[in-house]
Amino acid sequence: MEESILTSVKNLLGITEDCTDFDAQIIMHINSVFMALTQLGVGPSDGFIIEDDMAVWEDYIPDRTKFQAVKSYIGLRVRLLFDPPTSSAVMEAYKSQIAEYEFRLNLDAESV
């Protein structure tokens, strides 16, 4: 089953699919994270962007072994950009998890 990138990130943020009020902001943040992933060596070498809810995860990363880590990484990064936590402890936990994903995704990209 193909899953929309925008829809799944909105779900991670607790926003329902039918609520489109924040789509432009979320898309902007998702595309910023795609740029960071390109610099880490993940995804298409010429970059990737979405414009709406039509792009699916398989369009970006057909390798199912990295699929969930990429989704989690994008979800965490977008959460920090779109709706940062008020608790500094939660913020640090998110940043720590993001750093671990960046390390592992980059390590995996370099081994290819």
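Description of the structure in this document.

The rules behind the values
- Residues numbered from 1 in each chain as written.
- Predicted model: local features only at pLDDT ≥ 70, side-chain atom pairs only at ≥ 80, totals over all residues.
- Heavy atoms only, no water.
- Buried < 20%, exposed > 50% of the residue type's maximum accessible area, 1.4 Å probe, protein only.
- Helix = DSSP H or I, 4+ residues; strand = E, 2+ residues; numbered from the N terminus.
- Contact = heavy atoms within 4.5 Å.
- Polar contact = N/O pair within 3.5 Å; in protein donor to acceptor, adjacent residues only side chain to side chain.
- Phe/Tyr/Trp six-rings, centres within 6.5 Å; stacked < 30°, edge-to-face > 60°.
- Core = buried A, V, L, I, M, F, W, Y, C linked by side-chain atoms within 4.5 Å.
- Axes fitted to C-alpha atoms, helices over the stretch in contact; angles between N-to-C directions.
- Parallel < 35°, antiparallel > 145°, perpendicular 65-115°, else oblique.
- Nonpolar A, V, L, I, M, F, W, Y, C, P; charged D, E, K, R; others polar.

Moving on: helix H1 (residues 5–12). In an α-helix, one full turn covers 3.6 residues, which means residues spaced three or four apart are oriented alike. Of all the 8 residues making up H1, 6 are buried; the element is thus mostly covered by neighbouring parts of the structure. Every buried residue belonging to H1 is among Ile5, Leu6, Thr7, Ser8, Val9 and Lys10, and all of these are buried. Along its buried surface, H1 packs onto helix H2 (23–40), helix H3 (57–60) and helix H4 (64–82). Between the side-chain oxygen at the start of H1 and the backbone nitrogen of Leu6 there is a gap of 3.4 Å, and the oxygen is on Ser4. Immediately beyond the C-terminal end of H1, within one or two residues, lies Gly14, with a positive phi of roughly 80°.

Within this structure, the stated rule accounts for 5 aromatic pairs. Here Trp57 and Phe67 contribute two aromatic rings whose centre-to-centre distance is 6.2 Å and whose plane-to-plane angle is 85°, an arrangement assigned as edge-to-face. With a gap of 10 residues between them, Trp57 in helix H3 and Phe67 in helix H4 connect regions that are remote in the sequence. For Phe67, a relative accessible area of 4% translates into the label buried. Among the aromatic residues, ring-to-ring pairing joins Phe34, Phe48 and Tyr60 into one connected group.

What follows concerns the nonpolar core. Membership of the largest hydrophobic core comes to 32 residues, with the highest contact counts inside it found for Ile5, Leu37, Tyr73 and Ile74. Among the elements of the structure, H1, H2, H3, H4 and helix H5 (88–110) are those that each provide at least two residues to this core. The greatest single-element share of this core, amounting to 8 residues, is contributed by H2. When residues no more than four places from it in sequence are discounted, the contact partners of Leu37 are Val42, Tyr60, Val70, Tyr73, Ile74 and Leu105.

Here we take up the packing of H1 against H2. For any two helices packed against each other, one specifies the inter-axial angle together with the distance between the axes. Contact geometry for H1 and H2: axes closest at 11 Å, N-to-C directions at 105°. In terms of axis orientation, H1 runs roughly perpendicular to H2. Of the residues in H2, those in contact with Ile5, Leu6, Val9 and Lys10 of H1 are Asp23, Ile26, Ile27, Ile30 and Phe34. Among the residues forming the contact of H1 with H2, the class breakdown is 7 nonpolar, no polar and 2 charged.

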